[in-house]
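Residues per chain, in single letters:
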Amino acid sequence: MNRLIKIEDFSSCREQLVEIDPAELIPLPPPYDKIEKPPIRKLTDDQLKRMDASLDGVVAIGLPPPSGPEEEKAFIDKFLAGLAKLFTVENNWTFLQPLVHTLEYCVKCQICSDSCPTYIASGKQEIYRPTMRPEILRRIISKYIKKENSLVRKFKSSDIDLTWQTLARLAELAYRCTLCRRCAQVCPIGCDNALISREIRKIFSQEMGIAPKEIHEKGSVQQLRVGSSTGMTSAALKNILEFVEEEIEEKTGRKIKIPLDKKGADMLIIHNAGEFMAWPENLEAFAIILDAAGVDYTLSSEIAGYDSVNYGVWYDDFQFARVAILQSQVARALGVRKISLGECGHAHKAGIVIADRVLVGDLNIPRESTLPLLEEIVMSGKIKLDPGRNNFPVTLHDPCNMVRLMGIVEPQRRILRKIAPQFREMTPHGVENYCCGGGSGFAITQSTNFPDWRNAVSGRMKFKQILEAFQDVPGPEVKKYVCAPCSNCKGQFRDMFEYYGAWKKSGIMYGGLVELIVNAMVDIEKPFHQWEWH
Amino acid sequence: MGTLIIVLTYIAYVLIVTIYTIKVRKWLKMPPHIRWDLYPVIHEKHYRYGGSYYEEQEWWTKPRPKNRWRSLLYSLKDNFYMGEYYKKNPLYWLFLLPWHLSFIFIIAFHILCFFAAVSMACGLEIGASSASLSGQSFYYILLVTGGFSFIAGTCGSLGMIFIRLYDRSLRTFSMPMNFFNYIFFLIVYGSGLIAWLAFDPTLDEYRTYWLGLITLSAPALHPMTLLHIVLFDLFLIYLPFTRSTHYITRILAYFFIRWDDEPNQRGSKMEGQIIELLGQKVSWGAPHIAQGKSWAEVATEPGFIAIKKDSK
Ligand code: SF4
Ligand code: SF4
């Protein structure tokens, strides 16, 4: 059993709190059961001097240590100022009610712990318990915000000594939760420990300007500046679309002009720009289906109009609102009737649900998922499909944001049941799914050894589940498809399958939903889906 | 002593009702938040698999029926079954369920006692051999609810002490306050159990006490019953200072957070509230957040004024 870390250790322990021991991680089925190398690379001495890794030897943010007591004090004071703002209506009306409820009413029953894939996969490392972050925060609030006296604090075990080290560890710890909200789903009291992770991230971002580079600087800031978190400019987009059109022609013989900035189109479709860069076949498939079904749509080349991602949803209310508002402004300028989102889970939740109470007046343009539209096209017979063309094992990954967090569960399943004869579910699935391990920005966070942690720990449960879904055909000779209608999840699968060598050892490939639909289209001669690892 | 008991009981009831009301009002008064729904949402048509109205094309053009009764039943039902606990930690559930139920039953017992006392004041005789059926029913219902609450509360409190010490996860996150509560509640329920079993097996004294309460006449009670009632009054005064409000707020959290899937519509009351909140000045200190600006100005720069005018 791993070492029992106490909250006091977050302040007092001078060593690294936890070392991820491969022997303690939950076992995987063969051939992944052998421990060949340490699952997580060690940081170099130089990195350790520059970045704090005292939580678990892993770095998502990597705060530089303070130069002296004054800097340490300023850091703590700034954090406390931010923490106090979380409880004011003007600064945090957005999440005040769920925040206060979780902090005040959790009964510490630990029912949520066993639902957390990260905690379980880690071999139940105490630091990853869903209740750990809220408990640290509660103690800081008790001592430094409410200033409860020491007797009360003893009675409520709410004492804590706040040091730079405590906060550096807390900041990292907020980035060990994928915000999958599986813990919240089972809480009998209606508390939400995932939200606490997000609120901690928010203090660091909104008050102290601290967030992982990939999410803030190269993420939402870049998206607001150049148009996409990938760095893709409007001009680059146009080039890529030309490339996509050529590819479509080469693969299918069809000449399709992808509508761009078409005023008065019925809908604006926004894709995750990751598709443009890494998986253009997803865009090709969308274009083929929509063209065949005669859908009146357009893409946009305006800033934020061609990238559905909204990283703010993971860490910063204002960055979130800025992107959501820009996307709506693009749609308003185009005069479309609605916005429809491509295969991206967090963009779904951010754009359709969460933005709902930020967009007012004529910015509140109806927004929906493309999945029901795809279902209607597939079921209506508008395109002719031969499921025999998808006669290989397929399983479906449920992106948390799209499924547990917004209830889009069946359209994608009804499509797969119709077009993939060997479709099988994972256990558990639907709203009880496990996160891919790359949620809340993890899939794009490439800092030092963080990807190792993500693949070995936060994604481990999902990887195990995938292997189990294909346990009747384990060998690489049978090619298998994990259908993930989400760019972030695909990014995580790409990295994770590579980390474990799953393509070579088990023949497991990942891809989107539309690719499978097009692969089943009878009037497209060559198979659209290529079993080429990328 | 009888008069003191009456005064103390009234103080206890006034306090518990007032503090609970203040706490619930405070909870409800918090501003509307950003949607943070989590599925399954029980009032939804496809709640069995967790489906939502987003599964339909152009969902905003379709009716969105909400089965509120199902939601209410679901959230209340769990108070008597506590299914998640059973699934995740059956041993804990074994002690938690009776402990939890003892609170519900003891409150129900007192409410029933009140009605029994009113009936007695109106001339109804309550007892096993009462001439009227309602007198007999009252007698047995009181016996079952009271007896059950004393037994469940005593066993549950003992069990909670044991499980909080025995189970590593629970132990790690336990605080002295937990154990104080369990011991205090054990004394409250235990004293009730002894008073009932040893001195007042028909709960006649309890009915006399309640009759005294509504007729404002000091009852003559056995010292053990007296002791239990004093302890119970203290228990009522103490309860609102614990996390016990979660009996109510958990249901509010289900309805107003987890299952709150109400879309914001143009011109709606909610939109009005949001516009007001968007207009408040924020004071976050990070460099990417401008100082002295409103929420909406920070989020839109030039946009907010236009939005506000448009939506009026
Ligand atoms: S968050 Fe909920 S389930 Fe988890 S410990 Fe608190 S009350 Fe229990
Ligand atoms: S949101 Fe997911 S990863 Fe985070 S604590 Fe809850 S279950 Fe664990």
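The residue numbering used here restarts from 1 in each chain and proceeds along that chain's sequence as written. Each chain takes a letter, starting from A, and each ligand takes a number, starting from 1, following the order in which they are written. It should be noted that, the model being predicted, local features are given only for residues of pLDDT at least 70 and side-chain atom pairs only at 80 or more, the latter also being counted only at that level, while totals for whole chains, interfaces and linings use all residues. In computing side-chain values, all of the structure's heavy atoms are included and hydrogens and water are not.

Peer 1: For the environment of F463 of chain A, give the residues involved together with the corresponding values.
Peer 2: All names here are of chain A. Runs of H or I in DSSP of at least four residues are treated as helices and runs of E of at least two as strands, each being numbered from the N terminus. The residue F463 is located in helix 22 (residues 460–469) in this model. Along the backbone, F463 and L513 are 50 residues apart, and their C-alpha atoms lie at a distance of 19 Å. In what follows, a contact means two residues having at least one pair of non-hydrogen atoms within 4.5 Å. Ignoring any residue separated from it by four or fewer positions in sequence, one finds F463 in contact with L28, Y32, M496, F497, Y500 and A502.

Peer 1: Now, about the packing of aromatic side chains: what can you tell me, with residues and values included?
Peer 2: Any Phe, Tyr or Trp ring, taking Trp's six-membered ring, that has another such ring centre within 6.5 Å forms a pair; planes under 30 degrees apart are called stacked, those over 60 apart edge-to-face, and the others tilted. Overall, the coordinates contain 65 aromatic pairs over all chains when judged by the stated rule. Consider the rings of Y209 of chain B and W210 of chain B, whose centres lie 6.1 Å apart with planes at 65 degrees: the pair is edge-to-face. The burial state of Y209 of chain B is the same as that of W210 of chain B; both residues are buried. Across the ring face of W453 of chain A, the terminal group of R176 of chain A is positioned such that the distance to the ring centre comes to 5.5 Å. In this arrangement the basic side chain of K251 of chain A is found over the ring face of F528 of chain A, its NZ or CZ atom lying 4.9 Å from the centre. Buried, partly exposed and exposed residues are distinguished by accessible area as a fraction of the type maximum, computed with a 1.4 Å probe on protein chains only: under 20%, between the cut-offs, and over 50%, respectively. Over a ring means this: the NZ of a Lys or the CZ of an Arg is within 6 Å of the ring centre and within 35 degrees of the ring normal.

Peer 1: Which residues make up the packing of helix 4 (residues 90–121) of chain B against helix 7 (residues 176–199) of chain B, and what values go with them?
Peer 2: The relative placement of two packed helices comes down to the angle between their axes together with the axis-to-axis distance. Residue and element names in this part refer to chain B. In the contact formed by helix 4 and helix 7, the axes pass within 13 Å of each other and the chain directions differ by 50 degrees. One way to sum up the angle between helix 4 and helix 7 is to call them oblique. As helix 4 runs across helix 7, the sense of the crossing is left-handed. Between helix 4 and helix 7, the contacting residues are W99, S102, F103 and I106 on the first element and Y182, F185 and Y189 on the second. When residues are sorted by character, Ala, Val, Leu, Ile, Met, Phe, Trp, Tyr, Cys and Pro go into the nonpolar class, Asp, Glu, Lys and Arg into the charged class, and all the rest, Gly among them, into the polar class. Looking at the contact of helix 4 with helix 7, its residues break down into 6 nonpolar, 1 polar and no charged. Note on geometry: axes are C-alpha line fits, over the in-contact stretch for helices, and angles between N-to-C directions span 0 to 180 degrees. The cut-offs work like this: below 35 degrees is roughly parallel, past 145 is roughly antiparallel, 65 to 115 is roughly perpendicular, and the gaps in between are oblique. By definition, turning the near helix anticlockwise from the far helix through less than a right angle yields a left-handed crossing, and turning it clockwise yields a right-handed one.

Peer 1: I'd like to hear about the pattern of salt bridges, residue by residue, with values.
Peer 2: Residue and element names in this part refer to chain A. Throughout this description, the term salt bridge denotes a Lys or Arg side-chain nitrogen within 4 Å of a carboxyl oxygen of Asp or Glu. Evaluation of the coordinates by the stated rule reveals 61 salt bridges over all chains. Among the salt bridges present, the one from R176 reaches D56, with a minimum N-O distance of 2.8 Å. Of this pair, R176 sits in the loop between helix 9 (164–174) and helix 10 (182–186) while D56 is found in the loop between helix 2 (45–50) and helix 3 (69–85), placing the two residues 120 residues apart along the sequence. The class for R176 is buried, based on a relative accessible area of 1%. On the basis of relative accessible area, D56 is assigned to the buried category, the value being 3%.

Peer 1: If you had to explain helix 13 (residues 234–252) of chain A to someone new, which residues and values would you point to?
Peer 2: All names here are of chain A. When the terminal C-alpha atoms of helix 13 are compared, their 27 Å separation across 19 residues agrees well with the 27 Å that a helix rising 1.5 Å per residue should span. Burial in helix 13 covers these residues: L237, I240, L241, V244, E245, I248 and T252. Axial view of helix 13: buried residues confined to an arc of 145 degrees, hence all on one face. Turned more than 90 degrees away from the buried face of helix 13 sit A235, N239, E246 and E250, all of them exposed. Against the buried residues of helix 13 lie helix 14 (273–278) and helix 15 (280–293). One or two steps after helix 13, the chain reaches G253, where phi turns positive at roughly 80 degrees. What a helix is expected to span follows from its residue count: subtract one and scale by 1.5 Å. Working note: the arc is built from the helix axis to C-beta atom directions.

Peer 1: I'd like to hear about the sheet that holds strand 3 (residues 338–341) of chain A, residue by residue, with values.
Peer 2: All names here are of chain A. Strands were regarded as paired on the criterion that DSSP finds at least two bridges between them. Spatial ordering of the open sheet is given by 2-1-3-4, a layout of 4 strands whose pairing is parallel. The open sheet has two free edges, formed respectively by strand 2 (297–298) and strand 4 (367–369), since each of these has just one partner strand. Lying over the sheet, helix 17 (residues 317–334) contacts strand 1 (267–270), strand 2 and strand 3, oriented at roughly 145 degrees with respect to strand 1.

Peer 1: Describe in detail a nonpolar patch on the surface, supporting the description with residues and values.
Peer 2: Within this analysis, patches are made of residues with over 30% relative accessible area and no salt bridge. Like charges are joined at 9 Å or less; nonpolar side chains (Val, Leu, Ile, Met, Phe, Trp, Tyr) at 5 Å or less. We get accessible surface area from the Shrake-Rupley algorithm with a probe of 1.4 Å; when it comes to residues, only the shown protein chains can shield them. On the surface, I107, I111, F114, F115 and V118 of chain B cluster together into a nonpolar patch covering about 400 Å² of accessible area. Within the fold, F115 of chain B resides in helix 4.

Peer 1: Mind laying out the packing of helix 7 (residues 132–145) of chain A against helix 11 (residues 193–207) of chain A, listing which residues take part and the relevant values?
Peer 2: Residues and elements named next belong to chain A. Contact geometry for helix 7 and helix 11: axes closest at 8 Å, N-to-C directions at 60 degrees. Between helix 7 and helix 11, the interaxial angle falls into the category oblique. Considering the relative orientation of helix 7 and helix 11, their crossing is left-handed. Contact with helix 7, carried on its side by R133, P134 and L137, involves N193, I196, S197 and I200 of helix 11 and no other residues of that element. Counted by class, the contact of helix 7 with helix 11 contains 4 nonpolar, 2 polar and 1 charged residues.

Peer 1: Account for the domain arrangement of chain A, naming residues and giving values.
Peer 2: Residue and element names in this part refer to chain A. A domain assignment, automatic or from a database, supplies the domain bounds used here. For chain A, the domain assignment lists domain 1 (2–208), domain 2 (216–374) and domain 3 (381–533). Relative to domain 3, the C-alpha centre of domain 2 lies at a distance of 22 Å. Facing 31 residues of domain 2, the contacting portion of domain 3 comprises 34 residues. Summed over both partners, the accessible area lost on bringing two parts together, with a 1.4 Å probe, is the buried area. A buried area of about 2700 Å², summed over both sides, lies between domain 2 and domain 3, and 70% of it is on carbon and sulfur atoms. A salt bridge links D523 to R254, with the shortest nitrogen-to-oxygen separation between them at 3.1 Å. Polar contacts, as used here, are pairs of N or O atoms within 3.5 Å; protein pairs need one atom able to donate a hydrogen and one able to accept it. Residues neighboring in sequence count only if both atoms are side-chain atoms. Linking domain 2 with domain 3 are 10 residue pairs in polar contact (both at pLDDT 80 or more), by the criterion used here.

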